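Now for the letters of each chain:
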Amino acid sequence: MAAGCTRRTTLLAAGALLASATLRHAAAADRPVVRAGILKFGTVSWELDTVRANGFDRQAGIELQLVELAGNPATQVALQAGGVDIIVSDWLWVSRMRSKGEALSFIPYSTALGALVVPAGSAIGGIGDLRGKRIGVAGSPLDKSWLLLRALAADRYGLLLDRDAQPFFAAAPLLNSKIADGDLDAVLTFWPFAARLEAKGMRVTMTVTDMLEALGQPATVPSIGYVFREDWARANPAALAGFQAATSKAKTLLAESDAAWERLAPLMQAEDDATFRTLRDRYRDGIPRRWTEEERAGAAKLYALLARLGGRELVGDAPAIAPGTFWTGGA
């Protein structure tokens, strides 16, 4: 999260406080309310909409309420202000907040990561072919995938991509448009946008998972997760347990049922059947299969690498992942 939020972001989060208070009063009195801050067309909305549509929240003894927000910074502000109970973010942000004294915690949502995508007829076959190329990068120079790509290029090919290529940092939708128009030679982007390019016939040259494996890092660590305040979790154990049970049922349904996806088509905003199927399949690929001490240790190892690559700008003053970043039941 950028240091400091814009006034507009703060006002949006304040609006979420008022909206969620209204929602709370409408909930059934005998079920704890869990307020989730979401982006209307974000991938998490697919899972949480499935929870509500199938009554998995009620079956788990909770009332799930969705609070739509305008962007990831707004969800983070809303969580910190108490306007929502749960959002989706990455564990790097959670650890950084904990190191600043804000006790947030994380449970897995997805292992899906991005990819390096090139046009179908491109001569780029791998990282070694990126010299002099125009590379679109979703996000900023501190994007984790970019840090990993830079590290791998330097380690394996002696390429310093900041110097030896032409990186262009921008929002993912803009990059998809630019590579389609021929203005970029490659795009390193988040998985939903990579899936859209793949569905249009472009080629995935390397996934971020491939990069992690090549760097000797664990590739099954959840990249993003559900994030909540630790004091809320301790005060509302039944609500958190119910949320975990409900989202687990939704994941199982979405993993197994093609019919369950048909209802989600408007939220997915897929332009055609190929895009719809690719988004569905890549979501399924990212469903976490394990969450044990081994994965948590792997995340700590990856954090150390990212801290070395991104420095204080990425992780602040914490060279190691903060204890308690990963929720293990509140013991």
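Residues numbered from 1 in each chain as written. Predicted model: local features only at pLDDT ≥ 70, side-chain atom pairs only at ≥ 80, totals over all residues. Heavy atoms only, no water.

(A) Inspection of the sheet that holds strand β5 (residues 115-118) at higher detail. An order of β7-β6-β8-β5-β9 is seen for the 5 strands of this open sheet, with the pairing classed as mixed. Unpaired on one side and paired on the other, β7 (166-170) and β9 (203-207) mark the two borders of the sheet. On average, adjacent strands in this sheet sit at an angle of 25° to one another, irrespective of strand direction. Bridge count between strand β6 (residues 134-138) and β7: 5 bridges; the pairing is parallel. Residue pairing for β7: Gly-136 is matched across the bridge by Phe-168. Set on the sheet, helix α6 (residues 144-157) makes contact with β5, β6, β7, β8 (186-189) and β9; between it and β8 the angle comes to about 125°. (Pairing = 2+ DSSP bridges. Helix = DSSP H or I, 4+ residues; strand = E, 2+ residues; numbered from the N terminus. Axes fitted to C-alpha atoms, helices over the stretch in contact; angles between N-to-C directions. Contact = heavy atoms within 4.5 Å.)

(B) Geometry of the confidence of the model for the protein chain. Averaged over every residue, the pLDDT of the protein chain is 91; residues scoring 70 or more account for 91%. Every residue in residues 1-5 is under pLDDT 50, and counting partners more than four places away or in other chains gives 7 contacts. (pLDDT = per-residue confidence, 0-100.)

(C) Highlighting the environment of Pro-237. Relative to the assigned elements, Pro-237 resides in helix α12 (residues 237-256). A relative accessible area of 52% places Pro-237 in the exposed class. Sequence spacing of Pro-237 and Gly-329 is 92 residues, and the spatial spacing of their C-alpha atoms is 8.8 Å. (Buried < 20%, exposed > 50% of the residue type's maximum accessible area, 1.4 Å probe, protein only.)

(D) Structural detail: helix α4 (residues 72-81). By the burial criterion, the buried members of α4 are Ala-74, Thr-75, Gln-76, Val-77, Ala-78 and Leu-79. Gly-82 sits one or two residues past α4 and shows a positive phi near 85°.

(E) Highlighting the packing of aromatic side chains. Inspection of every chain in the model, using the stated rule, returns 13 aromatic pairs. For the ring pair Trp-91 and Phe-326, a centre distance of 6.1 Å and an interplane angle of 70° mean the geometry is edge-to-face. Placement of the pair is Trp-91 in helix α5 (residues 91-99) and Phe-326 in the segment after α16 (293-315), with a sequence separation of 235 residues. Classification of Phe-326 by relative accessible area gives buried; the value is 11%. Linked through ring pairs, Trp-46, Trp-191, Trp-261 and Tyr-283 together constitute an aromatic cluster. Above the face of the Trp-291 ring, Arg-296 is positioned so that its terminal group lies 5.3 Å from the ring centre. (Phe/Tyr/Trp six-rings, centres within 6.5 Å; stacked < 30°, edge-to-face > 60°. Lys NZ or Arg CZ within 6 Å of the ring centre and 35° of its normal.)

(F) Geometry of the environment of Glu-63. The residue Glu-63 is located in strand β2 (residues 63-69) in this model. Since its relative accessible area comes to 16%, Glu-63 is described here as buried. In sequence terms Glu-63 and Asp-30 are 33 residues apart; their C-alpha atoms lie 9.3 Å from each other.

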